[in-house]
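Inside the fold
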Amino acid sequence: MMTTVTMPIARGTALVWGQAQGPVLASDLELSFWGGVDPTTGEVIDRHHPLSGQWLAGRILVIPGGRGSCSGSGVMLELLLNGHGPAALVFERPEDILTLGVIVAEELFATAVPVLVLPPDSFRALRQAGYAAISGDQVMYAGQPVTLTDLPPTGPAPQAGARLDLTADDRACLAGQRGQAAQAALRMVVRMAGLQGADRLMDVTQVHVDGCIYTGPGSLAFAERLRDWGGRVAVPTSLNSLSVDHRRWRAQGIDPALGEPAARLGDAYVAMGARPTFTCAPYLLDTAPVLGEQIAWAESNAVVYANSVLGARTMKYPDFLDIAIALTGRAPCAGPHRDEHRRATVEVTVTLPETTDDAFWPLLGYAVGGVASSRIPVVTGVASLAPSSDDLKAFGAAFATVSAAPMFHIAGVTPEAATLMQATGGEAVPGIRLTAADLAAAWQDLNSAGDAAVDLVSLGNPHFSLTEIRALAALCRGRTRNPAVAVIVTCGRAVYDQAAKEGVLEGLDSFGVRFVTDTCWCMITDPLIPPAAQVIMTTSGKYAHYGPGLTGRRFRFGSLAACVDAASL
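What counts and what doesn't
Starting afresh in each chain, residues are numbered from 1 along the sequence in its written order. Thresholds applied to this predicted model are a pLDDT of at least 70 for local features of residues and 80 or more for the giving and counting of side-chain atom pairs; totals over whole chains, interfaces and linings are not thresholded and use all residues. Only hydrogens and water are set aside when side-chain values are computed; all heavy atoms of the structure are taken into account. A run of H or I in DSSP counts as a helix once it spans at least four residues, and a run of E counts as a strand once it spans at least two, with each numbered from the N terminus. For this measure, only C-alpha atoms enter the radius of gyration; the expected value for a globule follows 2.2 Å times N^0.38, where N is the number of residues. Only protein chains enter the accessibility calculation, which uses a 1.4 Å probe; a residue whose area is less than 20% of its type maximum is buried, one above 50% is exposed, and one in between is partly exposed. Whether two residues are in contact is decided by their heavy atoms: any pair within 4.5 Å suffices. Throughout, the Shrake-Rupley method with a 1.4 Å probe supplies accessible areas, and for residues the shown protein chains are the sole cover considered. Counted charges follow a simple rule, with Lys and Arg positive, Asp and Glu negative, and His plus the chain ends left uncounted. Taken as the charge location is NZ of Lys, CZ of Arg, CG of Asp or CD of Glu. For two strands to be treated as a pair, DSSP must find no fewer than two bridges joining them. The axes are straight lines fitted to the C-alpha atoms, using for helices just the contacting stretch, and the angles between their N-to-C directions are given from 0 to 180°. In this description, a nonpolar core means a group of buried Ala, Val, Leu, Ile, Met, Phe, Trp, Tyr and Cys residues linked to one another through side-chain atoms lying within 4.5 Å. Roughly parallel covers angles under 35 degrees, roughly antiparallel covers those over 145, roughly perpendicular covers 65 to 115, and oblique covers all other angles. All residues other than Ala, Val, Leu, Ile, Met, Phe, Trp, Tyr, Cys, Pro, Asp, Glu, Lys and Arg, Gly among them, are scored as polar; the first ten of these are nonpolar and the last four charged. When the centres of two rings from Phe, Tyr and Trp lie within 6.5 Å, Trp using its six-membered ring, the rings pair. Their planes under 30 degrees apart give stacked, over 60 give edge-to-face, and anything left gives tilted. Here, the arc refers to the directions that run from the helix axis to the C-beta atoms. Cysteine sulfur atoms that come within 2.5 Å of each other are treated as a disulfide pair. Polar contact criterion, stated in full: a pair of N or O atoms within 3.5 Å, where within protein one must be able to donate a hydrogen and the other to accept it, and residues adjacent in sequence count only if both atoms are side-chain atoms.

A word on the overall build of the chain. In terms of regular secondary structure, the chain is built from 18 helices and 22 strands. Against the compact-globule benchmark of 25 Å for 569 residues, the chain has a radius of gyration of 23 Å, which places it among compact chains. Counting over 569 residues, the chain shows a buried share of 60%. Sequence-distant contacts in the chain: of pairs separated by 6 or more residues, those separated by 24 or more amount to 76%. Counting every atom, the chain has about 20,700 Å² of accessible surface; 51% of that belongs to carbon and sulfur. Positive and negative side-chain charges in the chain, numbering 41 and 53 respectively, have mean positions lying 2 Å apart.

This is how it looks when you write it as structure tokens:
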């Protein structure tokens, strides 16, 4: 007598409705697609991740959520358009960045894959399965191949944003009365607002667009389509770093296959009214927001700095949703825009080492981000060090690289954490202690090259500030650079012009420091990185994490003084 095997079926929340079947690729660690997945091949290139070396194409990717860069949505779009993307995405919690990439592919390019959130128990069971089939909000999984025919039928997809309280102006925009670009943009905003649990949309005062990073033909087609549809920003909008130095990429020897579309991408956003600021540190601009200001920023380090250090209010907006908000001036009233979503949910107590230098802050940010995961932490035990704005910039960038949280608090330092109780809203929260051993382990993670001789010193990820340029000039004064070691600094145009006006660049030029504007290290490739360079040293926890996968080089991490020592005779 034949026995019928009943395969488990789990039901969750469909962020993007659809059907798929295939082998499961699973991890219990979040993954950043930008810097973590090659957008042209679908290979996982984050060399710190358990899935490193795996390929996404045709597989059902099962991870707790995304993390790190807001540009993951751009990578997702490219993968779906070039056929190297996953067959479906399954998360343990709602996820915005990767989901938005799928939504853009569906809304503008008529291609998509299912995106599903499962309850924790079902998610853990699926992680152990070899195969799965997804239809709508349900998934069947087993150790052997399963097909869609094994699943019961599902109903139609629910209407996006059906519960939103839209204004008359919102409805007019959705009806096309403000033009095709604004209509398409607001459709994306409404769809994401519904997924984020917003009950209404809200006005914002400014936007910072990260989608100007060239991830491939899809990112360019998206921007030029909105431009050609008559898109114009409705609120002041700044632009993130491009993939090339817009003014000098030809002189720098950049391959036109990258330089031309990357420059065109920047031009498309400028044509829609955005300012050509081209910096990943918009908090250094004269338009930086103030405490309580409602904004919409993308770029992970900028989001974290705005929320945590300035006390402005923004979600960690994915690429593409940033320009959609800029074209409409409307954003979901959800996440860190609201008081209840800004409170710390875990305390991280730090045991201070005997001595610290400027490398301590990115190292600490990397360690805190790793243990906090998707939770907003309040860090205690470090207020006595009185971190500077540059220290907090370095902390936040490293934190955002490995955490999915949109902000952090440091008790006695950041504006919404005068006390531990203020940071937590008076609630008791679980605690984690970071010891010297934990910091030493993080140091080892960031130093893949050990003590190997350095070929390139990479500074400015995020973009260098004027005070950092001054500090570098002081360290280089009276010293001689080793001609075998290149030293390159990336910064925004505005900061570069300030440094030039101040005269601080002359001494750095004598030492042999090279400045690059408009782009940043997570986008820089050969020949700006000398082809012969095998070991790169940086002060950036962010670049020390992403760099091995992005460049194929080994990395050393250390203080600014240690970097100058490594570059000097």
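Moving on, there is more to tell.
With that out of the way, let us pick up the pairing of strand β3 (residues 19–26). As paired elements, β3 and strand β7 (residues 131–135) share five bridges and run antiparallel to each other. In the strand pairing of β7, Q21 is matched with A133. Alignment of β3 against strand β4 (residues 60–62), held across three bridges, turns out to be parallel. Paired with V24 across the two strands is I60, which belongs to β4.

A separate point is the sheet that holds β7. Spatially, the eight strands line up as an open sheet ordered β1-β8-β7-β3-β4-β5-β6-β2, and their pairing is mixed. Both outer strands of the open sheet, β1 (9–11) and β2 (13–16), are each paired with one neighbouring strand and no more. Ignoring strand direction, the axes of neighbouring strands in this sheet form an average angle of 30 degrees. Seen against the sheet, helix α2 (residues 97–109) touches β2, β5 (88–91) and β6 (115–117) and runs at an angle of roughly 55 degrees to β2.

The next point concerns unusual backbone geometry. The linkage connecting N461 with the following residue, P462, adopts the cis geometry, with an omega of 5 degrees. Omega for the peptide link from D526 to P527 comes to 5 degrees, which places this bond in the cis form. The backbone of E299 shows a phi angle near 80 degrees, a positive value even though the residue is not glycine. Counting through the fold element by element, E299 comes out in the loop between β12 (296–297) and α8 (300–310).

Let's shift gears to the nonpolar core. Core analysis: the largest hydrophobic core is formed by 99 residues, its most contacted members being F33, F222, Y269, I323 and I325. By residue number, the principal contributor to this core is helix α5 (residues 180–195), which donates nine residues. Those residues in contact with I323 that sit more than four places away from it in its chain are V209, F222, L226, V233, Y269 and M272. Formed by 41 residues, the second largest nonpolar core is a distinct cluster that contains A372, I376, F395 and L434.

What follows deals with the packing of helix α1 (residues 72–82) against helix α6 (residues 217–228). Relative orientation of the contacting elements α1 and α6 amounts to 105 degrees, with a least axis distance of 8 Å. As judged from the angle between their axes, α1 and α6 are roughly perpendicular. Side by side, α1 and α6 meet where L77, E78 and L81 of the first sit next to P217, G218 and S219 of the second. Across the contact of α1 with α6, the residue classes tally to three nonpolar, two polar and one charged.

This paragraph deals with the environment of A298. Tracing the sequence through the fold places A298 in the loop between β12 and α8. It is 8.0 Å that separates the C-alpha atoms of A298 and V207, two residues lying 91 residues apart in sequence. Filtering out sequence-adjacent residues up to four positions away, A298 remains in contact with C70, H208, D210, V303, Y317, D319 and D322.

Because the α-helix completes a turn every 3.6 residues, residues three or four places apart line up on one side. With nine of eleven residues buried, α1 is to be regarded as a mostly interior element. For α1, the complete set of buried residues consists of G72, S73, G74, V75, M76, L77, E78, L79 and L80. Where α1 is buried, its residues meet β5, α2 and α6. After α1 finishes, the residue G83 shows a positive phi value of roughly 80 degrees.

Attention now moves to the packing of aromatic side chains. One pass over the structure, following the stated rule, counts eleven aromatic pairs. Between F222 and F320, the aromatic rings sit 4.5 Å apart at their centres with planes inclined by 55 degrees, giving tilted as the arrangement. Of the two residues, F222 sits in helix α6 while F320 sits in the loop between α8 and α9 (321–328), which places them 98 residues apart along the sequence.

What follows is about the sheet that holds strand β21 (residues 535–538). Strand order in the open sheet formed by five strands is β20-β19-β18-β21-β22, with parallel pairing between adjacent strands. One side of each edge strand has no neighbouring strand; the edge strands of this open sheet are β20 (513–517) and β22 (554–557). Averaged over all pairs of adjacent strands, the angle between strand axes in this sheet comes to 25 degrees, irrespective of strand direction.

Turning our eyes to something else, we now look at helix α18 (residues 560–567). Regarding α18, the residues found buried are L560, C563, V564 and A567. The buried residues of α18 occupy an angular sector of 95 degrees when projected down its axis, which confines them to one face.

Across all of its chains, the model carries zero disulfides by this definition. Of all cysteine sulfurs, the one in C563 lies closest to C476, which takes part in no disulfide; the gap is 10 Å. The thiol sulfur of C491 is not disulfide-bonded, and the nearest other cysteine sulfur, from C280, lies at 10 Å.

A few words now on the environment of I488. Residue position: I488 is located in strand β19 (residues 486–491). With residues near it in sequence (within four places) discarded, I488 still touches L456, V457, S458, L459, R514, V516, W521 and L528.

Note on placement: S219 falls in helix α6. A distance of 3.3 Å separates a polar side-chain atom of S219 from the backbone nitrogen of T215. From its side chain, S219 meets the backbone oxygen of G216 in a polar contact 2.8 Å long. When sequence neighbours within four positions are dropped, the list of residues in contact with S219 reads L77, E78, I213, Y214, L265 and F320.

These figures come from the coordinates and say nothing about function on their own.
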